[in-house]
Amino acid sequence: MEPILVYATQNRFNDSSSDDMRFGDLTDSFLQNHLNLRYVSTLVNPYTMELLSPFNHPQNRFYLPAPGKKISKQECVRLMFDDLRQLALPFSFWGAI
């Protein structure tokens, strides 16, 4: 099986000034209604800025909707990018066979 390229940018790594590295530039309504991005994290709800517990996110079969602890936007962004790095880690070991 050949490696596949999931995403590539024309700009250098961690260039936060490039268009494809921006975040927060789309409205909540657009993300939820047009892109169907409602439950995007098991750690935090980016639309309400609340931490999620194992029992208050909709993917859990014992889901109990309850408000979580409020966090700042910076903390939410940090948690979501850390989660992305952790989830992407196994793919970094995939190489030529």
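Residues numbered from 1 in each chain as written. Predicted model: local features only at pLDDT ≥ 70, side-chain atom pairs only at ≥ 80, totals over all residues. Heavy atoms only, no water.

### Observations concerning the layout of surface pockets
Defined as follows: Any residue with an atom within 4 Å of a point lines the site, the site being either a cavity, points on a 1 Å grid over the protein atoms alone where a 1.4 Å probe fits but cannot get out, or a pocket, an open set with protein on both sides within 12 Å along at least 5 of 7 lines. Grid points are joined across faces, edges and corners, and a volume is the space filled by probe spheres set on the points. Amino acids outside the nonpolar list (Ala, Val, Leu, Ile, Met, Phe, Trp, Tyr, Cys, Pro) and the charged list (Asp, Glu, Lys, Arg) are all regarded as polar, and Gly is one of them.
Looking at the second largest pocket, its volume works out to about 240 Å³. Here the lining of the second largest pocket is built from residues that sort into 11 nonpolar, seven polar and two charged.

### Thoughts on a nonpolar patch on the surface
Note the cut-off: The patch calculation keeps residues exceeding 30% relative accessible area without a salt bridge and links them within 9 Å when they carry like charges or within 5 Å when they are nonpolar (Val, Leu, Ile, Met, Phe, Trp, Tyr). Each accessible area is a Shrake-Rupley result for a 1.4 Å probe, and residues are judged covered by the shown protein chains and nothing else. Whenever Lys or Arg places a side-chain nitrogen within 4 Å of a carboxyl oxygen from Asp or Glu, that contact is recorded as a salt bridge. Helix numbers and strand numbers start at the N terminus; a helix is a DSSP run of H or I with at least 4 residues, a strand a run of E with at least 2. Each residue is placed in one exposure class: buried if its accessible area under a 1.4 Å probe, protein chains only, is under 20% of its type's maximum, exposed if it is over 50%, and partly exposed if it falls in between.
Together, Leu-26, Phe-30, Leu-35, Leu-37 and Val-40 line one region of the surface with nonpolar side chains, adding up to about 390 Å² of accessible area. Along the chain, the position of Leu-26 falls in the segment before α1 (28–34). What makes Leu-26 partly exposed here is its relative accessible area of 44%.

### Some thoughts on helix α2 (residues 73–92)
This is how it is decided: One fewer than the residue count of a helix, multiplied by 1.5 Å, yields its expected span. Between two residues, a contact is recorded if the distance between any of their heavy atoms is within 4.5 Å.
With 20 residues, α2 should cover 28 Å at 1.5 Å per step; its first-to-last C-alpha distance of 28 Å lies within 8% of that length. Inspection of α2 places Cys-76, Leu-79 and Asp-83 among the buried residues, and these make up the whole buried set. Along its buried surface, α2 packs onto β1 (44–45) and β2 (50–51).

### With respect to the side chain of Glu-50
The line we're drawing: Here a polar contact is recorded for every N or O atom pair within 3.5 Å, except that within protein the pair must consist of a potential hydrogen donor and a potential acceptor, and residues adjacent in sequence are included only if both atoms are side-chain atoms.
Structurally, Glu-50 can be placed in strand β2. Reaching out from Glu-50, the side chain makes a polar contact with the backbone nitrogen of Gly-68 at a distance of 3.4 Å.

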